[in-house]
Amino acid sequence: MTELSRPDDGNQADERSGSDASSAERPPGPSGLPVVGSTLTAGRDGLGFTDTLVAYGDLVGYDAFGEEIVAVFDPEVVETVLVAESDAFVKGAFEMALGELVAPEGLAFTEGEQWRRQRTALQSSFTPDKIRGYADEMVERTAVMADGWDDGEEVELGDAFADLTLRILTRALFDLDFDAESGAVVREAADAIHGVVDRFGLLTFLPEWVPTPVERRYDRAMTDLDAMVDELVAERRTQSADSEGDDLLSLLVAAADAEEVGVKPEEVRDQLVTFLFAGHETTATALTYACWLLAGNPDARERLDAELDAVVGDRDPTFADVPALDYTERFIREALRLYPPIYAIYRQPKEDVLLDGYGITTDTTLQLSIYGIQRDERWWDAPDEFRPERWTDEKQPDDRPEYAYFPFGGGPRHCIGMRFAMTELKLVLATLARRVEFERVTEELDISMGLTLSPGDVEVRVRDV
Ligand code: HEM
């Protein structure tokens, strides 16, 4: 376990550091250009930049987006920050800048008691029983989508899965049939946020803006999104006077009306927006990579088909099948290892601390590199290869640290939707594989590090099976 020590606890993390985190050596790293630091490189070519950083060590300091950043490539340090000493860190300025754009009072961005109260209240929508209740919806929506494709049709997977996962999410969590128009409002808001973030870098967008087309688009999109969310809440408020639903939207509306401890009235909008965003884009991105991998790996496809023949047969999969879908699970795990949709997690220490002997001050943003660690050859043989079979029980090396793999984060703030997402990923993949095959039209992915690890446009040709 990596030792963490604060300046006043007299605890020495290692000889190099001395006892004072404020004066301890900073981690080595690239110097970048004066003023802009490494912003240009990090922003333009995130993957290449991550490769460059790894060469400096397990903790690497650099300046970008107007911030001091320390990239972390050591799974033990990740565990310290996310789990063992999670109370010593907050999400910090880097994350809050994004929170301000999306939903500052939503679960993903709040801290302390407010976060704890919300997490407890919202957890009830993600129990195993609840997930079981969402499973049929996941399969049915996927079947409708696949049945709508013609044999030989070319499909852009990113758009198709964004639409699908949004429909599944809103039906499952909010008991809503999201029409194309509502879907378009959410997608436009997501695209507009990407536009603002891409243009300014993650932190530098907050100062007063000169209104440019990008910001005007963002303002318009958020106004439309807020109007839609207000309408949904008002409608549900009227309905819940007659009947009591137990979906998340009804719970939020009821809790807010009753002013119960849990979610406050002014937080309802931000919770809805948080789940609309956090719950669909990540899963859509994961499915896009998974189906592109499926198209390019005939052996894996054969093994997946063999498992589905044995477990599912000619019907569609159900929740009861999920525990027996071992290979499907390995396939998804491996896709999330190679292409983690959330490729880094950000934290800031509440007080100056020592990590691995280096001084990390309160104005430093720690960037826990999911992407870098999940492709580190110290923990993974042939790390850049897609090998679902590496997840067989007998091949788990004993010396691989737990946090060499953390696509859903870890500790108290791990992804609240993890079970939802894993069930959805397995059931959607299995439902699709029973109906269609994919041929790659896009041979090379155009990966970029935006808010998620974007694969660019991914076109495949669909063939009926
Ligand atoms: C493949 C799909 C998904 C991936 C890779 C993913 C990844 C993550 C990660 C890494 C975190 C931790 C962030 C941090 O510690 O700073 C997180 C948090 C979160 N995720 Fe997910 N997620 C996925 C799907 C979902 C789904 C389906 C939902 C909701 C239905 C969801 C809702 C959330 C929320 C609300 C948080 C914040 C939790 C908190 O701070 O207490 N995610 N997710």
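Let us look at the structure shown here. None of these values were measured; they are calculated from a predicted model. (Residues numbered from 1 in each chain as written. Predicted model: local features only at pLDDT ≥ 70, side-chain atom pairs only at ≥ 80, totals over all residues. Heavy atoms only, no water.)

Exactly one protein atom donates to the iron atom of the ligand; that atom is Cys 415 (SG), 2.3 Å from the metal. Within the fold, Cys 415 resides in the loop between α15 (370-374) and α16 (418-435). (Donors = N, O, S within 2.8 Å, 3.2 Å for Na, K, Ca; no water. Helix = DSSP H or I, 4+ residues; strand = E, 2+ residues; numbered from the N terminus.)

Ranked by size, the top nonpolar core spans 141 residues in total, and within it Trp 149, Phe 161, Leu 225, Phe 420 and Leu 432 carry the most contacts. The element best represented in this core is helix α7 (residues 157-174), accounting for 11 residues. Ignoring anything within four residues of it in the chain, the contact list for Leu 432 reads Thr 142, Met 145, Ala 146, Trp 149, Phe 161, Cys 291 and Phe 438. (Core = buried A, V, L, I, M, F, W, Y, C linked by side-chain atoms within 4.5 Å. Buried < 20%, exposed > 50% of the residue type's maximum accessible area, 1.4 Å probe, protein only. Contact = heavy atoms within 4.5 Å.)

It is worth spelling out a negative patch on the surface at this point. On the surface, Asp 159, Asp 191, Asp 446 and Asp 457 cluster together into a negatively charged patch. Looking at the element boundaries, Asp 159 is found in helix α7. (Patch = residues over 30% accessible without salt bridge, like charges linked within 9 Å, V, L, I, M, F, W, Y side chains within 5 Å. Areas by Shrake-Rupley, 256 points an atom, 1.4 Å probe, with all protein chains shown as cover. Salt bridge = Lys/Arg side-chain N within 4 Å of Asp/Glu carboxyl O. Lys, Arg positive; Asp, Glu negative; His and termini not counted. Charge placed at Lys NZ, Arg CZ, Asp CG, Glu CD.)

What follows covers the packing of α7 against α16. Packed helix pairs are specified by the crossing angle of their axes together with the interaxial distance, meaning the distance between the axes. Put simply, α7 and α16 touch, their axes get as near as 12 Å, and they point 125 degrees apart. Comparing their axes, α16 and α7 come out oblique. In this structure, α7 meets α16 at a crossing whose hand is right-handed. Between α7, through Phe 161, Leu 164, Thr 165, Ile 168, Leu 169, Ala 172 and Leu 173, and α16, the contact on the second element is made entirely by Phe 420, Glu 424, Val 428 and Leu 432. Within the contact of α7 with α16, the residues separate by chemical class into 9 nonpolar, 1 polar and 1 charged. (Axes fitted to C-alpha atoms, helices over the stretch in contact; angles between N-to-C directions. Parallel < 35°, antiparallel > 145°, perpendicular 65-115°, else oblique. Left-handed = near helix turned anticlockwise from the far one by under 90°. Nonpolar A, V, L, I, M, F, W, Y, C, P; charged D, E, K, R; others polar.)

A few words on the sheet that holds strand β13 (residues 459-464). Pairing is antiparallel in the open sheet, where 3 strands are placed in the order β5-β13-β10. Across the chains shown, the open sheet's two edge strands, defined by having one partner strand only, are β5 (154-156) and β10 (436-440). When strand polarity is set aside, the average angle formed by the axes of neighbouring strands in this sheet is 40 degrees. Across 3 bridges, the pairing between β5 and β13 is antiparallel. Within the sheet, the bridge partner assigned to Glu 156 lies in β13 and is Glu 459. Its contacts with the sheet put α7 on β5, β10 and β13, and the angle it makes with β5 is roughly 65 degrees. (Pairing = 2+ DSSP bridges.)

With that settled, the discussion passes to unusual backbone geometry. Of note, the phi angle at Asp 175 is positive, near 55 degrees, even though the residue is not glycine. By the secondary structure assignment, Asp 175 is in the loop between α7 and α8 (180-200). Backbone geometry places Ala 382, a non-glycine residue, at a positive phi of 40 degrees. Within the secondary structure, Ala 382 sits in the loop between α15 and α16. Classification of Ala 382 as partly exposed rests on a relative accessible area of 29%.

Read from one edge of the open sheet, 5 strands run β2-β3-β9-β6-β4, paired in mixed fashion. Either end of the sheet is taken by a strand with one partner, and the two such strands are β2 (59-64) and β4 (89-90). Strand direction decides the pairing type here: β4 and strand β6 (residues 344-349), joined by 2 bridges, are antiparallel. From the neighbouring strand, Val 90 faces β6, where its bridge partner is Gln 348. Of the strands in this sheet, β3 (67-72), β4, β6 and β9 (364-369) are in contact with helix α4 (residues 92-102), which crosses β6 at around 120 degrees.

This next bit is on α7. An ideal rise of 1.5 Å per residue puts 26 Å on 18 residues; α7 measures up with 25 Å between its terminal C-alpha atoms. Burial of α7 is extensive: 13 of the 18 residues sit out of reach of the surface. Positive phi shows up at Asp 175, right after α7, with a value of about 55 degrees. (Expected span 1.5 Å × (residues − 1).)

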